[in-house]
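The chain contents come next:
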Amino acid sequence: MKRKLLFASLALLVVGASLVTVFQRPIGEWLFARAIDARVGGNTMVLDDGLHLLLCGTGSPLPDPDRAGPCNVVVAGDQAFVVDIGEGGARNLQLMGFDIAGLDGVLLTHFHSDHIDGMGPLALLYWTQGTSTAPLPVYGPEGVETVIEGFNAFYATDKTYRIAHHGEEIVPPTGGGAQAMPFATGDAPVVVLDSDGLKITAFRVDHDPVKPAVGYRFDYKGRSIVISGDAAKSATLEQAAKGADILVHDALQPRLVGKMTAALERRGQANTAKITRDILDYHASPEDAAKSAQAAGVKRLVLSHLVPPLPTSFIYPAFLGDAKDNFDGEITVGEGGMVFSLEPEGDGIEVQERL
Ligand SMILES: [Zn+2]
Ligand SMILES: [Zn+2]
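Everything quoted here is computed from the prediction, not taken from an experiment.

About the cut-offs
For every chain, the first residue of the written sequence is number 1, and numbering continues from 1 onward in sequence order. Numbering of ligands from 1 and lettering of chains from A proceed in the order in which they are written. Totals for whole chains, interfaces and linings use all residues, but because this is a predicted model, local features are given only for residues with pLDDT of at least 70 and pairs of side-chain atoms are given and counted only at 80 or more. Working definition: helices are DSSP H or I runs of at least four residues, strands are E runs of at least two. Numbering for both runs from the N terminus. Exposure in this text rests on C-beta crowding, where 20 or more other C-beta atoms within 10 Å of a residue's own make it buried, 12 or fewer make it exposed, and counts in between make it partly exposed. The C-beta atoms are placed from the backbone. Contact definition: two residues whose C-beta atoms, as placed from backbone geometry, lie within 7 Å. Boundary definitions for the domains trace back to an automatic or database domain assignment. Summary of the metric used: pLDDT quantifies the predictor's per-residue confidence within the range 0 to 100. Whether two strands pair depends on DSSP finding at least two bridges between them. Axis lines are fitted to C-alpha atoms, over the contacting stretch for helices. Their N-to-C directions set the angle, which ranges from 0 to 180 degrees. Working rule for helices: expected span equals 1.5 Å times residues minus one. Angle categories are assigned with fixed cut-offs, so that under 35 degrees is roughly parallel, over 145 is roughly antiparallel, 65 to 115 is roughly perpendicular, and the rest are oblique. When the near helix sits turned anticlockwise from the far one by under a right angle, the crossing is termed left-handed; a clockwise turn instead gives a right-handed crossing. Residues are sorted three ways: Asp, Glu, Lys and Arg are charged, Ala, Val, Leu, Ile, Met, Phe, Trp, Tyr, Cys and Pro are nonpolar, and all the rest, Gly among them, are polar.

**Some thoughts on the overall build of the protein**
In terms of helices and strands, the protein carries 11 helices and 15 strands. Taking the principal axes of its C-alpha atoms as reference, the protein extends roughly 85 × 55 × 50 Å. Looking at the protein residue by residue over its 355 residues, the buried ones come to 38%. Within the protein, contacts between residues separated by at least 24 positions form 67% of all contacts whose residues are at least 6 apart in sequence.

Here it is in structure tokens:
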């Protein structure tokens, strides 16, 4: 009896499996239609009034299938700014349900390729999704004009195709591309923007020989977020980050990068080995970032621009090294999709995952 039952269930399983194979195409279409219906416009991010930090890319120029290039968004009430736009950043923002058309601008910390190579998709989505009649404003220290001039030239032909194909109603010719919004930097921090209770301040950081290189501080309704950009440890940064709720800091673990250098040398890849040695002096280590966070008295440290790539969270303790011994607050190893929310005039930090 038992054997018969076993045989019958096996036969049913085989028939079931072959039915699925035969009807895989219509089943696939049905599943896709259901999923797309829930997805398209169904996951729009809604944020309460307050200051929010979205991580849309926490990687570096080194290849990492799980991390986009450097990309952050700060939302303050109904204003929103992208800080650095690395490759894959705009894709993540879409997946997170963020409204790219509602952006007020981009802020660049410096012009290294990994901080600007996601600009194409972002500017395109800003234009097409929002029927924008003006280019995407891109704020940056002196030199941003040259970068944006080149960017617009690079995409000029693409722009003509989009207008010809979709029509001026959808993609107004006065929009598309980017508009440089330069500001001058000095030894003292400069206020880049002050509107509707949001103050954005830029301050110089040490990313030698890259000059200018800045970090940004956002203050809104008693809360603050500081983004270091690419920076080695410096007193200027610690001063600018004083009392911030969140400090987002770049982090490179020299002990792990040293192992990469040794492996590259063993395989005769002298050029890349030289680069992995050079990068040690212009990024902070997780320990340095922790010391700066402690010196500045920030509440929470979020590490981003992670070098080297970390294929699994199992490696996080090896990456962090002694960082936790140097900071009394909480340290988060940044991951794309994280959203940190700071309510006005309070001191709580709520975290959600959108990817
Ligand atoms: Zn850099
Ligand atoms: Zn970088």
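On we go.
**A word on the domain arrangement of the protein**
Partitioning the protein into domains gives domain 1 (2-36) and domain 2 (47-353). Of note, the centres of domain 1 and domain 2, computed from C-alpha atoms alone, are 47 Å apart.

**A word on the confidence of the model for the protein**
Overall, the prediction assigns the protein a mean pLDDT of 96, with 100% of residues at 70 or greater. Per-element confidence in the protein is highest for strand β4 (residues 105-107), whose mean pLDDT is 99, and lowest for helix α1 (residues 2-22), whose mean pLDDT is 82.

**Quick look at the sheet that holds strand β5 (residues 136-141)**
The 8 strands are arranged β6-β5-β4-β3-β2-β1-β14-β15 in an open sheet whose pairing can be described as mixed. Of all the strands in the sheet, the pair left with one neighbour each is β6 (178-183) and β15 (350-353). Along the sheet, successive strands turn relative to each other by an average axial angle of 25°, direction set aside. Here strand β14 (residues 338-342) runs beside β15; their pairing, made up of 4 bridges, is antiparallel. Bridge assignment links S341 to a residue of β15, and that residue is E350. Helix-sheet contacts for helix α4 (residues 119-130) involve β3 (79-85), β5 and β6, and the interaxial angle to β3 is about 155°.

**Some details on helix α8 (residues 254-266)**
Look at α8: 18 Å from first C-alpha to last across 13 residues, which is about the 18 Å you get at 1.5 Å a residue. The positive-phi residue at the C-terminal boundary of α8 is G268, with phi of around 70°.

**Some words on α1**
Its 21 residues give α1 an end-to-end C-alpha distance of 30 Å, which sits within 8% of 30 Å, the value for a rise of 1.5 Å per residue. Counting buried residues in α1 gives 0 out of 21 residues, a small share hidden from the surface.

**Quick notes on the sheet that holds strand β13 (residues 330-333)**
Read across the open sheet, the 7 strands follow the order β7-β8-β9-β10-β11-β12-β13; overall the sheet is mixed. Each end of this open sheet is capped by a strand with a single partner; those strands are β7 (190-195) and β13. In this sheet, neighbouring strand axes are inclined to one another by 20° on average, regardless of whether the strands run parallel or antiparallel. In the sheet, strand β10 (residues 223-227) pairs with strand β11 (residues 246-252) via 3 bridges, with the strands oriented parallel. From the neighbouring strand, I225 faces β11, where its bridge partner is I246.

**Quick look at the environment of V75**
With respect to the helices and strands, the residue V75 is situated in strand β2 (residues 71-76). C-alpha of V75 to C-alpha of D49: the two residues are 26 residues apart in sequence and 9.0 Å apart in space. Setting aside chain neighbours within four positions, we find V75 in contact with L47, H52, L54 and A80.

**Topic: the pairing of β13**
The two faces of β13 differ: I331 and V333 on one face are buried, but E330 and T332 on the other face are not. With 4 bridges joining them, strand β12 (residues 300-307) and β13 adopt parallel strand pairing. Residue pairing across strands places R300 opposite E330, the latter belonging to β13.

**Re unusual backbone geometry**
If a residue is not glycine, its phi is most likely negative; likewise, a peptide bond is most likely trans. Going from K211 to P212, the amide bond is cis rather than trans, its omega being 0°. Turning to its location among the elements, P212 is positioned in the loop between β8 (198-204) and β9 (214-220). For the bond running from V307 to P308, omega is 0°, close enough to zero to count as cis. By the secondary structure assignment, P308 is in the loop between β12 and α11 (316-320). Notably, E345 is not glycine yet its phi reads approximately 55°, a positive angle.

**Section: the packing of α8 against helix α9 (residues 270-278)**
Two elements in contact, α8 and α9, have axes separated by 8 Å at closest approach and are oriented at 165°. Compared by their axis directions, α8 and α9 come out roughly antiparallel. α8 and α9 meet at a crossing whose hand is left-handed. Residues V257, M260, T261, L264 and E265 of α8 touch α9, and the partners they reach there are T272, A273, T276 and R277. Residues belonging to the contact of α8 with α9 are distributed by class as follows: 4 nonpolar, 3 polar and 2 charged.

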